[in-house]
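# Reading the structure
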Amino acid sequence: MAHSRQSDQEVYFYCPECHVGVVPARSRKNNYFFRALSGHLHQKNCSFYKERIEGSGHYSPQEHSSAEPERLPPTILGAIATQHRIGKPSPRDLPQLIRQAKEAPLVVEGSFEQVVEAWNTMSRDKKRLTSLTINGTQGTYEDRFEFIGDTTKNANDFNWEDKIIYGKTCLAKGNREGVYFLDSIRKFDVGEEKRKVLNIIIREEYSKQKQKKYIRNLLNDGEKRSDAFTLFIHGCRPEYNYERKKIGLSLPDNSTYKGVCVRANKRAQR
């Protein structure tokens, strides 16, 4: 269990069984673990207890190193809210704090791109079972993503703020470097205007952001247009532009937690 100090400079770690203080450590093989503080030992009834062994000064290095741990999927789209910090807990408070830490649900923050990438690699069963919270609304990866091809809904009927809307799209390079055009395969009716695609312009200042460099790699050199992609939208509500007679999208200045993502269809799953 980790417990942060009020100064923001120190974090205290404790064994969840015997409550001895521990610290993070890394072996020469880049294996990560926790060890008891110098001069301290786990209690003998603790499953982490090891007998002290006097070394001879000679040893044979082990050739084995731990496998890279599997990356946990984000359980929240956005940054985790800062928790109120208190001083170092007393031995009397530790049991209750450790119990609360064990019972608390796992929280892993993630950017928009990280959440989309996790969804792309999940099986259908895992999507149903993996928690995902967006804007304070808790659900799963299955119900927090919504397919744009639902023809019972028009553009204004989708929950663009609290869900991630996705569907097939055409992707084209613009004449200027860093400019791209996205046209949804799904068409919408707007008043008397019928069957209008969602037209999104990725401008140079937006594509310069780190997460948007992926778009450039999706198109092969010389390829002008393809519909072999899936578009993901979050936090942006489409609006009809009566001058251009197109449904457009205003992209945010900061695309860390909202905006658009594009992935190749072979990686996207329904």
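Refer to the structure printed above.
In this text the structure is predicted, and so the values were computed from the model without any measurement. (Residues numbered from 1 in each chain as written. Predicted model: local features only at pLDDT ≥ 70, side-chain atom pairs only at ≥ 80, totals over all residues. Heavy atoms only, no water.)

### Comments concerning the pattern of salt bridges
Inspection of every chain in the model, using the stated rule, returns nine salt bridges. The closest approach of N and O atoms between Arg144 and Asp143, which form a salt bridge, is 3.3 Å. The buried category is assigned to Arg144, whose relative accessible area is 10%. Look at Asp143 and you get partly exposed, because its relative accessible area is 34%. Across the salt bridge formed by Glu161 and Arg237, the nearest N and O atoms sit 3.1 Å from each other. Pair noted here: Glu161 is in the loop between strand E9 (145–147) and strand E10 (164–173) and Arg237 is in the loop between strand E13 (225–234) and strand E14 (239–241), with a separation of 76 residues, a long-range link. (Salt bridge = Lys/Arg side-chain N within 4 Å of Asp/Glu carboxyl O. Buried < 20%, exposed > 50% of the residue type's maximum accessible area, 1.4 Å probe, protein only. Helix = DSSP H or I, 4+ residues; strand = E, 2+ residues; numbered from the N terminus.)

### Some remarks on the packing of aromatic side chains
This structure, assessed with the given rule, holds eleven aromatic pairs. Centroid distance Phe13 to Phe34: 5.3 Å. Interplanar angle 50°. Geometry classified as tilted. Of the two residues, Phe13 is situated in strand E2 (residues 11–14) and Phe34 in strand E4 (residues 32–36); the sequence distance between them amounts to 21 residues. For the ring pair Phe145 and Phe232, a centre distance of 6.3 Å and an interplane angle of 85° mean the geometry is edge-to-face. One end of the pair, Phe145, is in strand E9; the other, Phe232, is in strand E13, and 87 residues separate them in sequence. Here Phe145 matches Phe232 in class, with each residue buried. Put simply, the rings of Trp119, Tyr141, Phe145, Phe147, Tyr166 and Phe232 pair up and form one aromatic cluster. (Phe/Tyr/Trp six-rings, centres within 6.5 Å; stacked < 30°, edge-to-face > 60°.)

### What about helix H2 (residues 112–121)?
Among the ten residues that make up H2, seven are buried, leaving the element largely enclosed by the rest of the structure. Within H2, burial applies to Phe112, Glu113, Val115, Val116, Ala118, Trp119 and Asn120.

### So, the nonpolar core
Note that soluble globular proteins tend to have their nonpolar side chains buried in a common cluster. Counting residues in each nonpolar core, the largest one holds 23 residues, and the members touching the most others are Ile200, Ile202, Ile233 and Val260. Once residues within four sequence positions are removed from consideration, Ile200 is found in contact with Tyr180, Phe181, Leu182, Leu231, Ile233, Leu249, Leu251 and Val260. (Core = buried A, V, L, I, M, F, W, Y, C linked by side-chain atoms within 4.5 Å. Contact = heavy atoms within 4.5 Å.)

### Some points on the pairing of strand E3 (residues 21–26)
Bridging between E2 and E3 involves two bridges; their strand directions are antiparallel. Opposite Tyr14, over in E3, you have Gly21 as the bridge partner. Hairpin connection between E2 and E3: a loop of six residues separates the two successive antiparallel strands, and His19 in this loop has a positive phi of roughly 70°. Summarising the sheet, E3 and E4 pair through five bridges and their orientation is antiparallel. Its bridge partner lying in E4, Arg26 is registered against Tyr32. (Pairing = 2+ DSSP bridges.)

### Section: unusual backbone geometry
Of note in this structure, His19 is not a glycine but carries a positive phi near 70°. Looking at the element boundaries, His19 is found in the loop between E2 and E3. Using a relative accessible area of 26% as the deciding quantity, one classes His19 as partly exposed. The phi dihedral of Lys245 is positive, around 55°, even though this residue is not glycine. Along the polypeptide, Lys245 turns up in the loop between E14 and strand E15 (246–248). Using a relative accessible area of 47% as the deciding quantity, one classes Lys245 as partly exposed.

### Observations regarding helix H1 (residues 94–103)
Every buried residue of H1 is listed here: Leu94, Leu97 and Ile98. Buried residues of H1, seen end-on, are gathered within an arc of 95° and therefore sit on one face of the element. (Arc of directions from axis to C-beta.)

### Remarks on the sheet that holds strand E5 (residues 76–77)
If you walk across this open sheet you meet the four strands as E6-E5-E7-E8, and the pairing is mixed. Unpaired on one side and paired on the other, strand E6 (109–110) and strand E8 (137–140) mark the two borders of the sheet. In this sheet, E8 lies alongside strand E7 (residues 131–134) in antiparallel orientation, the contact comprising four bridges. Along E8, the bridge assignment pairs Leu132 with Gly139.

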